[in-house]
There are 2 protein chains.
Amino acid sequence: MMEKKSFAETRIFDSKAMKRFLLHDSPYFRILNFNLSAGQVFPVHSHEVEGRLSIQILEGVGEFLGKDEAAIPAREGDLLICDISEPHGVRAHTDLRILVTIAPPF
Amino acid sequence: MMEKKSFAETRIFDSKAMKRFLLHDSPYFRILNFNLSAGQVFPVHSHEVEGRLSIQILEGVGEFLGKDEAAIPAREGDLLICDISEPHGVRAHTDLRILVTIAPPF
C-alpha cells in the first residue's frame, strides 16, 4: 500500500479543546496530528512502555513540556524526540499544530 | 533523554546532488532530512526488510514516485506512507525539503 495524507485537510482548531486526528496506524508507527488553540496545553504525561516518539511543530509557537516543569521553546521546524516513558507535553502560545510519531504504537 | 532538533539548521541545498541530514537514530526509528534542488530526483528504490516509512514534504512542490513510473503530486503538508519493501522515491519540481521517518531502521 502507498498511502497519501495531507495535513491541509486537518487544519481544524477548537477553542474548547485540542483536536486530534489519526493519520496512520500500523504495527510500526502511529502518526497523529494535534491542533491546539492559543493557550491550550497538551498535559505532561508518559506511558511505561518501550519505544520513542517525535513531536514536530508544523505551525505556530509554544513550548515542549517535560518533567520538573521543564519548558523548551518550540516553533515551526522544531522536533522533540523522547522515550514514550519520559514525561512530555506541549503548550501553545499561538494556534499550534503538531505531528506526533510513535514507534512502535502501544 | 529529551532531544530537540531544528530543521532550520539543515536548510542547505546543493545543485550538484541532494543533501542528506541524519536527525535521529535509535532502535525505534530513524529520522532524516533530505533537501533536493529543483529538478533533482531521489531515485525509486526499496529494501527487502520489514517496516514502514513516511515521507513528509516540509517545503516545496514535486512528486512522490513509485513502481511502474507512478508519480503522485506532492507539496508542503503532504505525507506518503509505504512499506520499506515498496518502491518509493521523490522528484523535486521546486527546491524541496522532505522528512523521512523509518520504523524500524535497518
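Residues numbered from 1 in each chain as written. Chains lettered and ligands numbered in written order. Predicted model: local features only at pLDDT ≥ 70, side-chain atom pairs only at ≥ 80, totals over all residues.

## A closer look at the sheet that holds strand β4 (residues 41-45) of chain B
Residues and elements named next belong to chain B.
Step number 1: Judged by pairing direction, the sheet is antiparallel, and its four strands sit side by side in the order β4-β9-β6-β7 without closing on themselves. Pairing within the sheet leaves two strands with one partner each, and these edge strands are β4 and β7 (71-75). With direction set aside, neighbouring strand axes in the sheet form an average angle of 25°. (Pairing = 2+ DSSP bridges. Helix = DSSP H or I, 4+ residues; strand = E, 2+ residues; numbered from the N terminus. Axes fitted to C-alpha atoms, helices over the stretch in contact; angles between N-to-C directions.)

## Notes on the interface of chain A and chain B
Step number 1: Taken together, the 30 residues of chain A in the interface contact 30 residues of chain B.
Step number 2: Elements represented by at least two residues in the side of chain A that touches chain B include exactly β1 (2-6), β2 (19-25), β5 (52-59), β8 (78-83) and β10 (96-103) of chain A.
Step number 3: Partitioning the side of chain A that touches chain B into residue classes produces 16 nonpolar, eight polar and six charged. (Contact = placed C-beta atoms within 7 Å. Nonpolar A, V, L, I, M, F, W, Y, C, P; charged D, E, K, R; others polar.)

## Description of the relation of the copies chain A and chain B
Step number 1: Overlaying chain A on chain B yields an RMSD of 0.0 Å, the required transformation being a rotation through 180° with an accompanying axial translation of 0.0 Å. Here the two chains are linked by the operation of a two-fold rotation axis. The rotation axis passes nearest to the C-alpha of A103 of chain A in chain A, at a distance of 3.4 Å.
Step number 2: The overlap is high: 100% of the interface residues of chain A also sit at the interface in chain B, so the same surface is used on both sides. (Least-squares fit on C-alpha atoms with pLDDT ≥ 70 in both.)

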